[in-house]
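Fold and contact review
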Amino acid sequence: MGFSREEFIKLLEAQDKLIYQRYGDVIKFIFATQHALITLGDEEVRRVASIQLPLLHVNFDFSEMGDVEQQHFIELFLLKFHRGGG
């Protein structure tokens, strides 16, 4: 994702639609009585010409969530974590 770890955590804490519990780099979301786990990985910098962009590796685990719930969760997650361009 195009965030630093700090930016991701700030957005996570500021959003008010997704219920979650955070354990360090592991975030457990509770959605429609099911769970999705997100693990924050390494943070890097991606360079495009002279621009430096943050890059945070994020692993999604939907093994405890059905397909329909997963689709709805992803839609809401992307809405809350979308970064606009200009």
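Located above this text is the structure these notes cover.
In what follows, the accompanying structure is described. It should be emphasised that the depicted structure is a prediction, and the values quoted were computed from it without experimental measurement.

1. Comments concerning the overall build of the protein
- Scanning the protein from N- to C-terminus turns up two helices and four strands.
- Expressed as lengths along the three principal axes of its C-alpha atoms, the size of the protein is roughly 45 × 30 × 25 Å.
- Considering only intrachain contacts with a sequence separation of at least 6, the fraction spanning at least 24 residues in the protein is 45%.
- Across the protein, the mean location of the 9 positive side-chain charges is 7 Å away from that of the 13 negative side-chain charges.

2. Comments concerning the nonpolar core
- The biggest cluster of nonpolar side chains holds 17 residues, and the ones touching the most others in it are Phe8, Ile27, Phe29, Leu40, Phe73 and Phe77.
- Taken together, the elements giving at least two residues each to this core come down to helix H1 (5–14), strand E2 (26–31), strand E3 (34–48) and helix H2 (67–81).

Thresholds applied
- Residues numbered from 1 in each chain as written.
- Predicted model: local features only at pLDDT ≥ 70, side-chain atom pairs only at ≥ 80, totals over all residues.
- Heavy atoms only, no water.
- Helix = DSSP H or I, 4+ residues; strand = E, 2+ residues; numbered from the N terminus.
- Contact = heavy atoms within 4.5 Å.
- Lys, Arg positive; Asp, Glu negative; His and termini not counted.
- Charge placed at Lys NZ, Arg CZ, Asp CG, Glu CD.
- Core = buried A, V, L, I, M, F, W, Y, C linked by side-chain atoms within 4.5 Å.
- Buried < 20%, exposed > 50% of the residue type's maximum accessible area, 1.4 Å probe, protein only.

Read these as layout, nothing more, since geometry by itself doesn't imply function.
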